[in-house]
Amino acid sequence: MATETTMFAAGCFWGVEAHFAALAGVAATEVGYSGGETRQPTYRQVCSGATGHAEVVRVVFDSSLISYDHLLQLFWENHDPTQGDRQGNDVGPQYRSLIMVFNSSQRHAAEASKIDYGNRLAVEGFGKITTQIIDKGAFWPAPEAHQQYLEKKPDGYCGL
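Analysis parameters
- Residues numbered from 1 in each chain as written.
- Predicted model: local features only at pLDDT ≥ 70, side-chain atom pairs only at ≥ 80, totals over all residues.
- Heavy atoms only, no water.
- Helix = DSSP H or I, 4+ residues; strand = E, 2+ residues; numbered from the N terminus.
- Rg over C-alpha atoms; globule rule 2.2 N^0.38 Å.
- Contact = heavy atoms within 4.5 Å.
- Areas by Shrake-Rupley, 256 points an atom, 1.4 Å probe, with all protein chains shown as cover.
- Lys, Arg positive; Asp, Glu negative; His and termini not counted.
- Charge placed at Lys NZ, Arg CZ, Asp CG, Glu CD.
- Buried < 20%, exposed > 50% of the residue type's maximum accessible area, 1.4 Å probe, protein only.
- Polar contact = N/O pair within 3.5 Å; in protein donor to acceptor, adjacent residues only side chain to side chain.
- Axes fitted to C-alpha atoms, helices over the stretch in contact; angles between N-to-C directions.
- Parallel < 35°, antiparallel > 145°, perpendicular 65-115°, else oblique.
- Left-handed = near helix turned anticlockwise from the far one by under 90°.
- Salt bridge = Lys/Arg side-chain N within 4 Å of Asp/Glu carboxyl O.

Digging into the overall build of the protein
And then number 1: Scanning the protein for helices and strands turns up 5 helices and 8 strands.
And then number 2: Going from N to C terminus, the protein has its helices and strands arranged as β-α-β-α-β-α-β-β-β-α-β-β-α.
And then number 3: The globule rule puts the C-alpha radius of gyration for 160 residues at 15 Å, and the 15 Å found for the protein is close to it.
And then number 4: For the protein, the proportion of contacts with a sequence separation of at least 24, taken over those separated by at least 6, is 75%.
And then number 5: Working note: accessible area of the protein is about 8,000 Å², and carbon and sulfur atoms make up 50% of it.
And then number 6: A distance of 7 Å separates the average location of the 12 positive side-chain charges in the protein from that of its 18 negative side-chain charges.

Pasting the structure below:
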C-alpha cells in the first residue's frame, strides 16, 4: 500500500469529509484546522474567523487505488472555488477554499489542475478561482464530536 496524505478546505468540513471518506482508496479522513497562526485552536475560536485557520480535511489515500489527480478533480467539482472566504451560507476565512500540499509533486499537480479548472470556468462565464495552494502546515484535530459528523448525524447541516 502506497499511502499519501493531503489536506483540502472547501467550506464546512463535515460535508467535505463525508465526500472524501466515501471514496474507494481513501484510507482515512480527519477534520481539523490548519493554515492559521493560533496554536491548538478550539472550534469556537476557529468559528470566530480570528485564528487564520481554515476548516480542513486531512485525507490519507492509497495512491495505487486512487490518484491525487482524481482527488483534485473531486475537490474542484464539489464546491465553488470562486467565492473567496465563504461557501454558500458559511461565511468567513475559516470556510475558504484551500489545498495544502505535502510535496512538490502535489504542488505541481494542484497548480496545473487550478489552471485547467479555472480555464474551464472562464469559458463558461464563471468568476476567477480564489483557492489558495500552500505547503502543509500544523494540523489541529477538531473535537471527536466533529469527526465523521454526517455519518453520526445524517440530517446534519452541510453547505455542500
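What to know about the side chain of Ser 97
And then number 1: Mapping Ser 97 onto the fold places it in strand β6 (residues 97-101).
And then number 2: Exposure remark for Ser 97: the relative accessible area of 3% places this residue in the buried category.
And then number 3: Here Thr 131 takes part through its side chain, which lies 2.6 Å from a polar atom of the side chain of Ser 97.
And then number 4: Apart from residues no more than four positions distant in its own chain, Ser 97 is found in contact with Ala 9, Phe 75, His 79, Pro 81, Gly 84, Thr 130, Thr 131 and Gln 132.

With respect to the packing of helix α3 (residues 68-77) against helix α4 (residues 104-123)
And then number 1: Orientation of α3 relative to α4, taken along the N-to-C sense of each, is 40 degrees, at an axis distance of 10 Å. With respect to α4, the element α3 is oriented oblique. Both α3 and α4 take part in a crossing whose hand is right-handed. Two secondary-structure elements touch here, α3 through Tyr 68, Asp 69, Leu 72, Trp 76 and Glu 77 and α4 through Gln 106, Ala 109, Ala 110, Ser 113, Lys 114 and Tyr 117.

Notes on the pattern of salt bridges
And then number 1: Scanning all chains against the criterion turns up 4 salt bridges.
And then number 2: Note that Glu 111 is salt-bridged to Arg 107, the shortest N-O span being 3.0 Å. One end of the pair is Glu 111 and the other is Arg 107, both in helix α4 and 4 residues apart, which spans about a single turn.
And then number 3: Glu 111 sits in the partly exposed class, given a relative accessible area of 35%.
And then number 4: Put simply, Arg 120 and Asp 116 hold a salt bridge, and the shortest N to O gap is 3.3 Å. Of the two residues, Arg 120 and Asp 116 are both situated in helix α4; the distance of 4 residues between them amounts to about one turn of the helix.

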